[in-house]
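Each chain, letter by letter, is given below.
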Amino acid sequence: MKLTGAEILWECLVREGVETVFGYPGGAIMPAYDAMLNYPIHHVLVRHEQCAAHAADGYARVSGGVGVAIATSGPGATNLVTGLATAMMDSIPIVCITGQVPAHLIGGDAFQEVDVTGITLPITKHNYLITEASQLAPAIREAFYIAKSGRPGPVLIDICKNAQIEKIEFEYPEEVNLPGYKPPMEAQIADLEEAVKLVESAERPVILAGHGIIKSGAMQALRDFAEKTQTPVTMTLLGLGGLPASHPLSLGMMGMHGEACANNAIQQADLLLAFGMRFDDRVTGNLRTYSPRSKKIHVEIDPTEIQKNVYVDVPLLGDLNTVLNQFTPMVRPMDHEAWLDQIQEWKDDTNERDIIAWPDDGLLYSAQVIKDVWSFTHGGSVVTTDVGQHQMWTAQYYHFERPFRWLTSGGAGTMGYGFPSAIGAWFAAENRDEPVWAVVGDGGFQMTLMELGTAMQEQANVKIVIINNSYLGMVRQWQEFFFEKRYSSVYLKNPDFVKMGEAYDIPSRRVEKREDVMDALQFAIDTPGPVLLEFVVEMEEAVYPMVPSGAALDEMIRRPIRREPLKSS
């Protein structure tokens, strides 16, 4: 059958299983938007193209599939850049489709012409410039395959306007043939045998579970290995949910704001098993002092990550789920009782310092709000965050029992990610009656709050939890700890968030006392569609523990066991 390039675009998306896309129309992509009306795909009209990329990102993280964002040329395409970088750093499979000026005008500085493939080359797994309709179907087929295979990532397809209008004979490419692209699956047997020797000789092993656990679907394989070898598991920020938080072998999050027991265990370990993680600097602290007495095994699908930051003794290159299913039968059951007892002592010390155990001093603390959200939702909801203090408190106090429930910007640290990604996550949810909770800071929320319009229009069941401390909290904390409390450009004079929510016809409520938190959460659950909750919290609260920049992982600033109540500034 003969189809225009615009029709081919949607025909291919339908065949790739796409049901929802996020976008914003414009001149260079207008033929595609016209053709869209004839296809069974729901288009979510965002209020800013960056948010289309974040929403597609959230959709991908919850669905396990590929998210799709659409924008026009020029500023529409460049507004996707932050979302592409976010997806690239966190290995999220999204396909971004942009319009481009007609092919014969490229290079002539035409209206809204930008070299978007050149701009996005470093922050995409691959990208395409489509100058004629015949290139379109193969490119879309390849884009989805590349985005979700191997180490996932974003792919961009830039389509010239003439290619959208041209009509050609359509044939869908059923197979993808990319001779130079073959992600590894199974590890080499000789390498596995070397790894087995290290595992069976270790007395103080620790598993470092990264985002790869979830991306490869290796949750059960991780659990089987950990239980068979009785090895404690600590997770990266994006690895949370890879092992249930309540599992006795779980140490929670590692790194700069990770659990003290996890950081101590890493530093005292004699074997680290890095499963699908990349030894990010927020995880390792000072590389010169990182886990100095341990041998290291690294299971990773991306060969560029092997030996990149940390030298490892045995690299196992391959798909994590496949490799663990090779690895586990080869090791014998083990017992590390003395090691686990030592870790329990560190856990007990952490519990003694926990802010949740403090008596009521009349102040509302962010950690308390997030712990109440966890308790109220029984730990089972999809939760998104922006970046900063509230992100770390959510990682610490919302205890994830399941994968695909935790969405945050890890590698890029993108403020404004939380709310639009929550909208995308809701569209991907199996049960849209269950709310998605967007925990956002007062600073980050104001970067993408225009999506209140999208939430209103779609009646997205997203409950917005604004942690309002009137500061750019994490920057303020660094200035308090390391710049002699010389606060520079961190105080926020905020709008009335409740009135803002109401202006978008979104039910809203403000909370200033701990005893009112649960009532507000119940109000959110009882109210259909989007709800905005503003929690006015203690202004100068700090995230603990904290590993200072350049310090060893176990040189943490710890919360004091006893202290006087903080005074609001």
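Everything in this summary refers to the structure shown in the same document. From a predicted model like this one, the values you see are computed outputs, not experimental measurements.

## Some words on the sheet that holds strand β10 (residues 233-235)
Turning to step 1, where the next piece is worked out: Here we have 6 strands laid out as an open sheet, ordered β11-β10-β9-β12-β13-β14, and parallel in their pairing. Either end of the sheet is taken by a strand with one partner, and the two such strands are β11 (250-253) and β14 (314-317). Averaged over all neighbouring strand pairs, the angle between strand axes comes to 15 degrees, with direction disregarded.
Turning to step 2, where the next piece is worked out: Relative to β11, β10 runs parallel, the two sharing 2 bridges. Within the sheet, the bridge partner assigned to valine 233 lies in β11 and is serine 250.
Turning to step 3, where the next piece is worked out: The sheet strands contacting helix α14 (residues 320-327) are β12 (271-275), β13 (295-300) and β14, and the helix crosses β12 at an angle near 140 degrees.

## Topic: the pairing of β14
Turning to step 1, where the next piece is worked out: Of the two faces of β14, the one lined by Val314 and Leu316 is fully buried and the one lined by Pro315 and Leu317 carries no buried residue.
Turning to step 2, where the next piece is worked out: Note that β13 and β14 share 4 bridges and pair parallel. In the strand pairing of β14, glutamate 300 is matched with leucine 317.

## A closer look at the pairing of strand β17 (residues 436-441)
Turning to step 1, where the next piece is worked out: Judged by how many residues are buried, β17 sits mostly within the fold: 6 of 6 residues are covered.
Turning to step 2, where the next piece is worked out: Burial of β17 is two-sided: the residues Val436, Ala438 and Val440 facing one way and the residues Trp437, Val439 and Gly441 facing the other way are all buried.
Turning to step 3, where the next piece is worked out: By the bridge criterion, 4 bridges tie strand β15 (residues 382-385) to β17 in an arrangement that is parallel. Bridge pairing in β17 places valine 382 opposite valine 436.
Turning to step 4, where the next piece is worked out: In this structure, β17 lies alongside strand β18 (residues 462-468), joined through 6 bridges in parallel fashion. Paired with alanine 438 across the bridge in β18 is isoleucine 464.

## Overview of the pattern of salt bridges
Any two side chains of opposite charge can pair, on the condition that their charged atoms come close.
Turning to step 1, where the next piece is worked out: Scanning all chains against the criterion turns up 18 salt bridges.
Turning to step 2, where the next piece is worked out: Two residues, glutamate 480 and arginine 476, come together in a salt bridge whose shortest N-O distance is 2.8 Å. Placement of both glutamate 480 and arginine 476 in helix α21 (residues 473-482) is noted, with a separation of 4 residues, approximately one turn of the helix.
Turning to step 3, where the next piece is worked out: For glutamate 480, a relative accessible area of 26% translates into the label partly exposed.
Turning to step 4, where the next piece is worked out: Among the charged side chains, a network of salt bridges with common partners joins Arg151, Asp302, Glu305 and Lys308.

## A few points about the packing of aromatic side chains
Turning to step 1, where the next piece is worked out: Going through the model one piece at a time under the given rule, you end up with 17 aromatic pairs.
Turning to step 2, where the next piece is worked out: Aromatic pair tyrosine 471 and tyrosine 487: ring centres 5.6 Å apart, planes at 70 degrees, arrangement edge-to-face. Here tyrosine 471 is found in the loop between β18 and α21, whereas its partner tyrosine 487 is found in the loop between α21 and α22 (497-503), with 16 residues between them in sequence.
Turning to step 3, where the next piece is worked out: With a relative accessible area of 27%, tyrosine 487 lands in the partly exposed category.
Turning to step 4, where the next piece is worked out: Seen from their ring centres, phenylalanine 481 and tyrosine 544 are 6.0 Å apart, and the 35 degrees between their planes marks the pair as tilted. Of this pair, phenylalanine 481 sits in helix α21 while tyrosine 544 sits in the segment after β20 (531-536), and the two are 63 residues apart along the sequence.
Turning to step 5, where the next piece is worked out: Aromatic ring contacts, followed pair by pair, group Phe22, Tyr59, Trp426 and Phe427 into a single cluster.
Turning to step 6, where the next piece is worked out: Over the aromatic face of phenylalanine 523 sits the side chain of arginine 509, whose NZ or CZ is 4.1 Å from the ring centroid.

Cut-offs and rules
Residues numbered from 1 in each chain as written. Predicted model: local features only at pLDDT ≥ 70, side-chain atom pairs only at ≥ 80, totals over all residues. Heavy atoms only, no water. Pairing = 2+ DSSP bridges. Helix = DSSP H or I, 4+ residues; strand = E, 2+ residues; numbered from the N terminus. Axes fitted to C-alpha atoms, helices over the stretch in contact; angles between N-to-C directions. Contact = heavy atoms within 4.5 Å. Buried < 20%, exposed > 50% of the residue type's maximum accessible area, 1.4 Å probe, protein only. Salt bridge = Lys/Arg side-chain N within 4 Å of Asp/Glu carboxyl O. Phe/Tyr/Trp six-rings, centres within 6.5 Å; stacked < 30°, edge-to-face > 60°. Lys NZ or Arg CZ within 6 Å of the ring centre and 35° of its normal.

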